[in-house]
Amino acid sequence: MNNPVILVLTKEIDLYYTFRDNIREVFGNSITLRSNHFLPVYLEDVDLILSSVPDSLVKDFINIEKTKAPLLVANRSIDFKKLEKLFELPRAAQCLLVSNDEAIACESVTMLKYLGFDYLDFYAYSPDMENPPDLKNIDIAITHGLANLVPKGLESVIDLGNRRLDLSTLFDISKILQHNFDHAHHITMGYVKNVARIGRELANSVRNENYINSSLQAVLNTVQEGVVFIDNEGRVSLFNEEAGSILGIDSQAVLYKHYSDVLDEFQIDKVMETKQQIPRQMIQVHGLNLLATLTPILQEGSFSGIVLVFQDVTHVERMEQEIRNKKLQSGLTTKYSFEDNVGNSMIMMQTQQLAKKIARSDYTVLITGESGTGKEIFAQSIHEYSSRNKGPFVAVNFAGISESLAESELFGYAEGAFTGARKGGKAGLFELAQNGTIFLDEIGDAPLKIQAAILRVLQEKQVMRVGGSTVIPVNVRVIAATNKQLEDMIRKGEFRDDLFYRLNQLPLRIPSLQERKEDIPDLITYFLKQKNSQLSFSPAVMEKLSSYRWPGNVRELEGLITYLSVIVNEREVSFSDLPFQIQDGFPSNMHPDKITRLLEHSGDLHLYKDILECLMVTQGENAGIGRSTLQAMLSDKISESKLRTKLDILKKYGLVETGIKKQGTKITNLGINMIEHI
Ligand SMILES: Nc1ncnc2c1ncn2[C@@H]1O[C@H](COP(=O)(O)OP(=O)(O)OP(=O)(O)O)[C@@H](O)[C@H]1O
């Protein structure tokens, strides 16, 4: 008996070979096969037509009229061994399923999903379809033996090979041709075994992925920073709990979404493009201040995604505050408050009252006053009395400090900013004073470049470390102090007027000791107690101390008490115990002969004496006298500008003083003592 003949109709010749092999696997050589690719075919000899195309298209291949052979449209299955290639694809990978027919492509998608690959996103595609899917975000093309149809530009292709004949079709063939095959159960077993294996591997791979993902997620959830991983296609593939709580979004709402839809504000575009890290950048997201670092991840040299780590700055500030509080114990704190400020004179009481009002506001303060009057005590007291008293008080003194040192002290420096820069960089005093007060002592000595930088901090409320690129927001109150006439310095171009006006929002002038002589006894008692000294003072000594000019103010008085407590042992201090310059009424370094010589160099001694005598006559007037009154009183007639020059010289040597607000000129004790010497 002749072998039955099957005519196999396929569009591609390769598919014929697949069908041929499948049929031989089951029926051996007991069936003769013909193909539309090998002509001629004698239709009258054909017992069965097996078609890979739908029956409506069969007529395109053969003259169907010429045969009575039954037509069987092949059901097709998948080569399970080749499915393993799909395990390497990540969750939500965008897959284009390429076939030569849209219906077949759709059927393949259904089958792959049915087999368990439903965690991948499939799009059916055939070259002649009317509405092809958007190819922009496609990661990979999957095809059954039709790699030549993959659209251009798509480089990653998985070829699962031609789809083989399904078991049901093989059974149909055997039924139609009444051609039994003995080892049918082996074939069935083989199929089932393959399906079971693929199912098991699929389950393992999904379970592994789930396991790894959930362990990683659990680890990331313990981190107190928002951590997000964006894969190289821009999809959010990890999103920890802190990220959700900072941004107020549920992780499920962002996972597997494209970053541009859910995390638009983070400059991810830039890192995707440049593959460069953006370290510690301040970003405003939903009205929050976030400190974010974006790091591109390179695995074996190829870009695999971006790790985004961010913190809410208020949280960062809280942490820094904790560190700062520890630092407070090591010196960034105040020693004085208003209670320690000795002095009950009217002028001191008024100054204290004003200082308390100033403390309640948060504006910048400029404290002026002669050296040693207690400007720093006031600055500390204001801080203590203010709402910032839980924060640090940081003092910096500009006297004799170089420009570069001042810059790195104030603003800190970034790691590697200069040779010898400390690893990790160093925080500047502005940063250390966060939420507290910074005291800029001797601001008149600050170099011009530093003045400009301080002005910038005051205006922008942020600092940048030397050599760094990150701006750090600072919330600091500035109290500045000086014993210099800043207005004079502005005129000479030595001090920036814009900084002066910015600092001078709340001016506070501390009176000199000479202006509050009634406080001297209290101050002496205070210093004696401090030094645990039992010294007492004779009335003559007390009188001398009251009439002395105290150019070094309270500091000089404190120095005297220290001196006396060392050299006078537990007894009454007599006049002769006093240092020479006090006995004589002159401060150290300013002997009358020296002053006389200096005045002689600057003009007519007689004129200076005349001026001092006129001022002495009017000494009782608290406010001093104006220049034109003084001009009229002089025995020699001189111009007002010459008088101004002479007064400036007398002022320079401490013989006269002028009030800040046009209060006129007054003679000092030193001036009075000098009259006899000139
Ligand atoms: N009212 C006061 N009560 C107690 N001690 C005071 C008072 N004023 C000043 N002192 C003491 O005098 C010294 C000088 O004070 P402080 O350093 O505050 O002066 P300053 O005006 O800031 O000086 P400078 O201009 O030189 O920086 C300090 O040792 C301080 O303890």
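Within any chain, residue numbers begin from 1 and follow the written order of that chain's sequence. Whole-chain, interface and lining totals are the exception, using all residues; otherwise, since this is a predicted model, local features are given only for residues with pLDDT of at least 70 and side-chain atom pairs are given and counted only at 80 or more. Values shown for side chains rest on all heavy atoms present in the structure; no hydrogens or waters enter the calculation.

Novice: Teacher, can you tell me more about the sheet that holds strand β14 (residues 365-368) here?
Specialist: Strands belonging to one sheet form pairs held by backbone hydrogen bonds; the direction of such a pair is parallel or antiparallel. Pairing is parallel across the open sheet formed by 5 strands, whose spatial order is β15-β18-β21-β14-β22. Here the strands that pair on one side only, and so sit at the sheet edges, are β15 (393-397) and β22 (506-509). Within this sheet the neighbouring strands show an average axis-to-axis angle of 20°, counted without direction. Strand direction decides the pairing type here: strand β18 (residues 437-441) and strand β21 (residues 477-482), joined by 4 bridges, are parallel. Note that in β21 the partner of I438 across the bridge is V478. Residue contacts are defined here by distance: any two heavy atoms, one from each residue, within 4.5 Å place the two residues in contact. Where helices are involved, their axes are fitted lines through C-alpha atoms of the stretch in contact, as for all axes, and angles between N-to-C directions lie from 0 to 180°. What counts as a helix is a DSSP run of H or I of at least four residues, what counts as a strand is a run of E of at least two, and both are numbered from the N terminus. Running over the sheet, helix α11 (residues 346-360) touches β14, β21 and β22 and is turned about 155° from β22. Pairing between strands is defined by DSSP: at least two bridges between them are needed.

Novice: It is not clear to me how the nonpolar core should be interpreted in this structure. Could you clarify?
Specialist: For soluble globular proteins, the rule of thumb is that nonpolar side chains tend to be buried together. We call a set of buried residues a nonpolar core when its members are Ala, Val, Leu, Ile, Met, Phe, Trp, Tyr or Cys and they connect through side-chain atoms within 4.5 Å of each other. Exposure is judged per residue with a 1.4 Å probe applied to protein chains only, and the accessible area is read against the type maximum: over 50% gives exposed, under 20% gives buried, and values in between give partly exposed. In this structure, F398, L410, F430, I438, L440, I443 and I454 are the most contacted members of the largest nonpolar core, which totals 34 residues. If you list the elements that add at least two residues to this core, you get β15, α13 (403-411), α14 (429-432), β18, α15 (448-460), β21, α16 (486-491) and α17 (497-503). Top contributing element to this core by residue count: α15, with 6 residues. Sequence-distant contacts of I438, that is, excluding residues within four places in its chain, are made with V394, L410, L429, F430, A433, V476, R477, V478 and I479.

Novice: Sorry if this is basic, but what is going on with the pairing of strand β11 (residues 278-285) here?
Specialist: Every regular strand shows the same layout, with side chains that alternate between the two sheet faces. Where β11 and strand β12 (residues 288-299) come together, 6 bridges link them in antiparallel fashion. Within the sheet, the bridge partner assigned to Q281 lies in β12 and is A292. Between β11 and the antiparallel strand that follows it, β12, lie 2 residues; H286 among them carries a positive phi value of about 45°.

Novice: Before we go on, may I ask you to explain the sheet that holds strand β10 (residues 236-239) in this structure?
Specialist: Pairing in this open sheet of 5 strands is antiparallel, and the strands run β10-β9-β13-β12-β11 from one edge to the other. The open sheet is flanked by β10 and β11, the only strands paired with a single partner. Across the sheet, the mean angle from the axis of one strand to that of its neighbour is 25°, orientation sign disregarded. Here strand β9 (residues 226-231) runs beside strand β13 (residues 302-312); their pairing, made up of 6 bridges, is antiparallel. When the bridges of β13 are listed, F229 appears paired with V307.

Novice: I would appreciate a short explanation of unusual backbone geometry in the present structure.
Specialist: Among all residues save glycine, negative phi is the norm, and among peptide bonds the norm is trans. A cis amide bond links L39 with the next residue in sequence, P40, at an omega value of 0°. Here P40 lies in the loop between β2 (32-35) and β3 (48-51). You will see that Y256, though not glycine, has its phi angle at about 70°, which is positive. As for its position among the elements, Y256 is in the loop between α7 (251-254) and α8 (259-262).

Novice: Would you take a moment to explain the packing of aromatic side chains for this structure?
Specialist: Two measures describe an aromatic ring pair: the distance that separates the ring centres and the angle between the ring planes. When two rings of Phe, Tyr or Trp (its six-membered ring) have centres within 6.5 Å they constitute a pair, described as stacked for plane angles under 30 degrees, edge-to-face for angles over 60, and tilted for the intermediate range. According to the stated counting rule, one finds 12 aromatic pairs in the structure shown. With a centroid separation of 5.4 Å and 75° between ring planes, the pair formed by F338 and Y385 is classed as edge-to-face. Highlighted residues: F338 in the loop between α10 (313-328) and α11 and Y385 in helix α12 (residues 375-385), separated in sequence by 47 residues. Here F500 and Y501 contribute two aromatic rings whose centre-to-centre distance is 5.3 Å and whose plane-to-plane angle is 70°, an arrangement assigned as edge-to-face. Judged by relative accessible area, which is 56%, Y501 ranks as exposed. Within the aromatic cluster, the residues linked to one another by ring pairs are Y16, Y17 and F38. Note on criteria: charge over ring means Lys NZ or Arg CZ within 6 Å of the ring centre, with the direction from the centre no more than 35 degrees off the ring normal. Taking NZ or CZ as reference, K275 lies 4.5 Å from the ring centre of F303, over its face.

Novice: I'm lost on the site of the ligand in this one. Help?
Specialist: By convention in this text, a residue qualifies as near a molecule or strand provided that one of its non-hydrogen atoms is within 4 Å of it. Every one of the 23 residues lining the ligand counts as a neighbour, but N341, S371, K375, R555 and E558 are closest to it. Nitrogen and oxygen atoms within 3.5 Å of one another constitute a polar contact, given that in protein one can donate a hydrogen and the other can accept it, and given that sequence-neighbouring residues count only through two side-chain atoms. One of the side-chain N or O atoms of N341 is found 2.5 Å from a nitrogen atom in the ligand. Taking E376, its main chain carries an N or O atom lying 3.0 Å from an oxygen atom of the ligand. Areas reported as accessible are Shrake-Rupley estimates using a 1.4 Å probe. Residue values count occlusion only from the protein chains shown. Relative to its free-state accessible area of 630 Å², the ligand is covered by the protein chains to the extent of 90%. If you list the elements that add at least two residues to the shell around the ligand, you get α12, α18 (520-530) and α20 (553-567). Considering only residue class, the shell around the ligand consists of 8 nonpolar, 6 polar and 9 charged. The split of the chain into domains comes from an automatic or database domain assignment. Residues lining the shell around the ligand come from more than one domain, with at least three contributed by each of domain 3 (338-509) and domain 4 (513-583). In this classification, Asp, Glu, Lys and Arg are treated as charged, Ala, Val, Leu, Ile, Met, Phe, Trp, Tyr, Cys and Pro as nonpolar, and every other residue, Gly included, as polar.

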